[in-house]
Every structure is written in structure tokens, then in C-alpha cells.
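Structure at a glance
Residue strings, one per chain:
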Amino acid sequence: MKPSIALRTGGRLLFERSSSVLPLYLLVTGLYGIARVPMLVAGLLALWYLGAAGRLDPLVDVLRRLSESGAPLEPGGGEVDPATVERFAPELGDAFAGLVTAETVALVAVGGLLSLLLALLASAVGSAITVSGLYGLLRGDDGVRAGVDGAGRHWRSILGVRLLLLAALAAVAVPILAALTAIGGYLTAAFGSASAAGTEPAWATLGLGVLGILFGLFVGGLLLAAVFVLFAFAEQAVVVDDVGALEGVRRSVRFPFERPVAALIYVAVAFGALLASGGIGSAASAIGATRVTALFGTVLFSPLLDGFKTSLYAEVELDPDPDLAPVDERLRVAFVGGLRAVGGFLRTSPLANLGALAVITAGGLVGWRATASLGVSLPIGGDVANVFGAFPVGTFLNLAVNNWLVAVDLAYSGLAVGVPAAVGLAFNGLLVGAIAGVFEPIAVLALIAPHGVVEIPAIVVGGGLGFWLGGVALGVFRGNRDADDLAAAIRRAYRVLLGLASLFVLAAFIEAFLTPAIASAVLA
């Protein structure tokens, strides 16, 4: 099979089968949302411990005196008195230093380790889902159902591939790092001895040492790149050939030697995708829309590259779809149908949505009570009309993409019987409530209400999707539902999320372009 056909197949998979491909990749983001739960819980426990131990009191005292000074917090709200900043900076530094204790460090370390382990597991399960789904589409099967089946069948083998890859990378990196450290230590000792003796350092030795370090970096880079190339098709081998981790790695290692042209073209395409992703990331960062990079990676670059790899390894081309509708009709069906799906979900799943509303409200009340009882009233400043600049396109894009990805995380992470969705909703509620507790109510209302009337209900629906999917997953574990029900639920959640995307775009437009002006008028 020609690599050009495989590359075209990767594009066709995304373009012609987007309703089957994109749910799989959005589902993977939800799996990583599960991995973030231990870290969030650890952070909240650490904060609770600091409050119970009284270690937050010095920080609260400084903030209370800062609020009494009347110094505005927003750059557009007026000039901050330098003397005020200078007076409070040391006390703030000491107060924050007092938050670092053995207990908080241990909590954060344990939470971070658990999140890291869950992220490794999520990467294996996610890869099993996506590669199995793509291969299922190439065979003419239902892609989402194939992904669900592949998750249970191949995740252990793909986890083994990931562990073998880490071991191979360590086997290459550790000796290189040891050699570079030895060269650096020798140069430091040589120059230290020359300085102590009052003699000229040996510049020739310095030059050789620098050359040695550069050569080591070059060789190390080549070896690491070679490891990635040799492992590139291991996961495809596991799924396509239905083999274990070791055999999948063996077949992937053989691939560049048996099909060198295909391997070189894959490397070129992967490098091109990396450059394109970096270019988009740089452009997005320049306008302040950094979250756009994550969106493009999730819905464009990853599906294209995985589809290309899977087609190239399996040597299977996607069959044409004679019933494929025009692009404009498909977009209309996707987003207009998505809004209808939101309404349908609200009507058919009231308990899930009410549960999400209850959790986020409870989190908000807890956060508000925790900060309002401190007696701190921080000033905002009256002129916030230009807080995002005169034409905040980047802010608009960043808000729309970030809020939608938050809803995606809440929805698909709920497959872990709803627990991550509950934690995410409670955490978001805590943040909003805690902020509301330290500012004047009219200021909070002016800064949140204009866009919040759209954004917050959309977030609640995302959490409701998580609770609903958690119920479906629980039914599968109990044997009351099957894989077909789970695949159908994943597809339905995708349609609802497409509808929520339109709402988040509207909310982001209001927040970026209208909320600052409204808040400025109200506060003035």
C-alpha cells in the first residue's frame, strides 16, 4: 500500500467519519480528567488542613489589611500605590511560606503520584480506544463500538508497550546524562582548581568539554528519536494483529527495516504535524488563545496522525461512503442538531442535571462561606471596561475553547461512575463561591452575571452528562447494560457537547466583549 493512500485515508477518516472519530478523542480527554481528580482532592485537603491548623490566619490578616488600604487589584482599576505594595510584600511572602508544611507537601506529593499513575493508565486505555476505533472504521465496523470493545481487549497490552517505551528511553537517556554530568563535573573541578591556584584555566580543555557536551546532546537526541521511531507502530501492531506488548514492539521494530520508505514518510509526516502544531501554538499564544492548541491537538492532529499510522500499518484503505452529505449540511446537522440534543437531554435526564446543579451550588456555598467569614473585602477598581483590551479576540477564543473542554472533561470523565464529574463541579463551584466571598456582591454580580447566565447552565449540563454517563457505566459493570448501550451513550454525549459548543461561544463573546463594559458601568 502506498503511503500517500494511507495519508489520504487518515484525512478521510476524520473528514468523512467525524461523528465516529471525534467522540473517541474527546472521550480520551475525559479519561485524563479522571487522572486529575487525586491532585484536586489533595489540594483541597491541604487547604482544609491549613485552615484547621490556623496557618491561613497570617495570610488572611495581610489580605484584610490590604483591603482596608483600598489598593485596587485590577491594572485597569487605577494606579496601585508603590508604597502599599512595598509595605505588604514581605508579609505576604512570609504568609505564603507558612503554607508549606510537611503535611501539605505529603498530601500534594501523594496526590501528584496518584494522578501520574492514573494518567499513565488513561493514556493506555485512551490509545486502545482510539486505535481500535480507527481500525474498526477501516474494516467497515461501527467506530465507537469498536473503540469500546478495544478498550477492554487491548489496554493491558498497550500499557505494557508504554512501560517498555519508558524503559527504552531510560536506557538511552541515563548513560547520556551520566556522561554529560561527568564532563560538566570535570570542567567545574578543573576551573575551580585553576582559580584556587591563581593560574589561567586551560581553555583548550574547556573547548573540548563543550564539544563533548554538544556531541553527547546530538547523539542522545538521535538515539531518543530512534527509540520513538522503533516504537511508533507498536500500538497499531497490538490492535491490528491482536498480539501482546512484547510481540507488538517486535513487529514495530521490524517495520522500518521491512518498509523503510513507509517509515521515512511517517517520520516526515509526524515532524510536519509537530511543526504545524507548534506554529498554531505560537500564533495562538501571540493573541492570548493558548487553549486553541489543545483543541487542535485533540480534534485534528491526533486523529489525522493516528489514522495515517493505522492505515499504513494495516494496509487498509477506507471504503467510500456513497451517502456522505455535503459539508454545509453536515455542519448544520451537527450544531443545530446539537442544540436540539441539549434540549432533549434536559427533558429526558432531569435527575442528572438537577444533581449537577446541586453539586455546583453546594460547592459555591461552601466556598462563599469559607471566604466570606474571613471578613476580607478586596477592592476591584471602577474602570474594568478595557480589562481584556480593545478587541480581545484571543480572550474570546480562549474562553470559548477552555469552557467547552471543561464541559467535555466533566461529561466523559463521568464514565468513572460519576465521581470525577462531581469533583469537577464541586471544585468549579468552590472557586466561584470563594471569589464571591471576598468581593462586594454588586461587583461579583456585575462581573459574572452577563455571561454567567449562559455559561454556568452549560457547565451544569456538562456535569449532568457526566452523571448520566456514570449511570450508564455503572449499569454495564452490573450487567444491566451492554457495550452497545455504552457506545450509544458516548455518541449521544458527543451530540449534546456539540450543542454546548454553541452556547460557550455565545458566553465567551459576552464575557470578552460585553461583560467588562457592563461591569464598568455598574461599578461606576
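1. Re the overall build of the protein chain
Tallying secondary structure elements over the protein chain gives 18 helices and zero strands in all. A burial count over the protein chain gives 43% of its 524 residues as buried. In the protein chain, the share of contacts with a sequence separation of at least 24, taken over all contacts with a separation of at least 6, comes to 84%. Accessible surface for the protein chain amounts to roughly 25,500 Å². Of this, 70% is attributable to carbon and sulfur atoms.

2. A look at helix α1 (residues 3-16)
Along its 14 residues, α1 runs 19 Å from first to last C-alpha, staying within 8% of the 20 Å computed at 1.5 Å per residue. Looking at α1, one finds that the buried residues are Pro3, Ala6, Thr9, Gly10, Arg12, Leu13, Leu14 and Glu16. Buried residues along α1 sit against α2 (18-35), α6 (102-138), α11 (260-286), α12 (291-314) and α13 (327-348).

3. Focus: the side chain of Ser252
With respect to the secondary-structure elements, Ser252 resides in helix α10 (residues 245-258). Residue Ser252 is classed as buried on the basis of its relative accessible area of 0%. Not counting chain neighbours up to four residues away, the residues in contact with Ser252 comprise Leu230, Phe231, Ala232, Phe233 and Ala234.

4. Quick notes on a nonpolar patch on the surface
The grouping of Ile442, Leu445, Phe509, Leu514, Ile518 and Val522 at the surface amounts to a nonpolar patch, some 520 Å² of accessible area in total. Only α17 (441-478) and α18 (483-523) provide two or more residues apiece to the nonpolar patch. For the nonpolar patch, the element with the highest residue contribution is α18, accounting for four residues. For Leu445, a relative accessible area of 54% corresponds to the exposed category.

5. What to know about the nonpolar core
Counting residues in hydrophobic clusters, the biggest one holds 62 residues, and the most contacted among them are Trp404, Tyr412, Leu465, Trp468, Val496, Leu497 and Leu500. Sort the elements by how many residues they give to this core and α18 lands first, with 13 residues. Those residues in contact with Trp404, other than ones at most four positions away along the chain, are Leu26, Leu295, Leu497, Leu500, Ala501 and Phe504. With 31 residues, the next largest nonpolar core counts Val161, Ala168, Leu169 and Ala234 among its residues.

6. Here's the deal with the pattern of salt bridges
Summed over all chains, the structure comprises 15 salt bridges. Notably, a salt bridge pairs Asp409 with Arg36, separated by 2.2 Å at the nearest N-O pair. Of this pair, Asp409 sits in helix α15 (residues 393-413) while Arg36 sits in the loop between α2 and α3 (37-52), placing them 373 residues apart in sequence. Overall, the relative accessible area of 41% leaves Arg36 in the partly exposed class. Measuring nitrogen to oxygen at the nearest pair gives 2.5 Å for the salt bridge that ties Arg162 to Glu235. Of the two residues, Arg162 sits in helix α7 (residues 143-197) while Glu235 sits in helix α9 (residues 234-240), which places them 73 residues apart along the sequence. For Arg162, a relative accessible area of 21% puts it in the partly exposed group. Overall, Glu235 belongs to the buried group, its relative accessible area being 14%.

7. Describing the confidence of the model for the protein chain
Of the residues in the protein chain, 90% reach a pLDDT of 70 or more, and the chain-wide mean stands at 87. Looking over the protein chain, one finds the lowest element-wise mean pLDDT in helix α5 (residues 82-97), namely 68, and the highest in α9, namely 97.

8. As for helix α16 (residues 419-437)
For α16, spanning 19 residues, the distance from its first C-alpha to its last is 27 Å, which sits close to the expected 27 Å at 1.5 Å a residue. All buried positions along α16 are accounted for by Pro420, Ala421, Val423, Gly424, Leu425, Gly429, Gly433 and Gly437. Structurally, α16 contributes buried residues whose contacts are with α2, α3, α14 (350-372), α15 and α17.

9. A word on unusual backbone geometry
Phi at Asp242 takes a positive value of approximately 55°, unusual for a residue other than glycine. You can see Asp242 is positioned in the loop between α9 and α10. In this structure, Val417 is a non-glycine residue whose phi angle is positive, near 50°. With respect to the helices and strands, Val417 occurs in the loop between α15 and α16. Residue classification places Val417 among the partly exposed residues on the basis of a relative accessible area of 42%.

10. Remarks on the packing of α3 against α6
It is the contact of α3 with α6, at a shortest axis distance of 8 Å, that shows an interaxial angle of 170°. Put simply, α3 runs roughly antiparallel to α6. Along the contact surface, α3 presents Pro38, Met39, Ala42, Leu45, Ala46, Tyr49 and Leu50, while α6 presents Glu103, Thr104, Leu107, Val108, Gly111, Gly112, Leu114, Ser115 and Leu118. Its residues placed into classes, the contact of α3 with α6 shows 11 nonpolar, four polar and one charged.

11. Comments concerning the packing of aromatic side chains
Counted by the stated rule, this structure contains nine aromatic pairs. When the ring of Phe345 is compared with that of Trp468, the centres are 5.9 Å apart and the planes differ by 75°; the resulting orientation is edge-to-face. Of this pair, Phe345 sits in helix α13 while Trp468 is found in helix α17, placing the two residues 123 residues apart along the sequence. Where Phe509 meets Phe513, the ring centres are 4.9 Å apart and the plane angle is 35°; that geometry is what we call tilted.

12. Some words on the environment of Ala128
As for its placement among the helices and strands, Ala128 is situated in helix α6. We classify Ala128 as buried; its relative accessible area is 0%. Sequence spacing of Ala128 and Ala151 is 23 residues, and the spatial spacing of their C-alpha atoms is 5.0 Å. Setting aside anything within four residues of it in sequence, one finds Ala128 in contact with Gly150, Ala151, His154, Trp155 and Ile158.

13. Observations concerning the environment of Asn428
Mapped onto the elements, Asn428 comes out in helix α16. Since its relative accessible area comes to 28%, Asn428 is described here as partly exposed. The sequence separation of Asn428 and Gly363 amounts to 65 residues, and the corresponding C-alpha distance is 7.4 Å.

Reading the values: the criteria
Residues numbered from 1 in each chain as written. Predicted model: local features only at pLDDT ≥ 70, side-chain atom pairs only at ≥ 80, totals over all residues. Heavy atoms only, no water. Helix = DSSP H or I, 4+ residues; strand = E, 2+ residues; numbered from the N terminus. Buried < 20%, exposed > 50% of the residue type's maximum accessible area, 1.4 Å probe, protein only. Contact = heavy atoms within 4.5 Å. Areas by Shrake-Rupley, 256 points an atom, 1.4 Å probe, with all protein chains shown as cover. Expected span 1.5 Å × (residues − 1). Patch = residues over 30% accessible without salt bridge, like charges linked within 9 Å, V, L, I, M, F, W, Y side chains within 5 Å. Salt bridge = Lys/Arg side-chain N within 4 Å of Asp/Glu carboxyl O. Core = buried A, V, L, I, M, F, W, Y, C linked by side-chain atoms within 4.5 Å. pLDDT = per-residue confidence, 0-100. Axes fitted to C-alpha atoms, helices over the stretch in contact; angles between N-to-C directions. Parallel < 35°, antiparallel > 145°, perpendicular 65-115°, else oblique. Nonpolar A, V, L, I, M, F, W, Y, C, P; charged D, E, K, R; others polar. Phe/Tyr/Trp six-rings, centres within 6.5 Å; stacked < 30°, edge-to-face > 60°.

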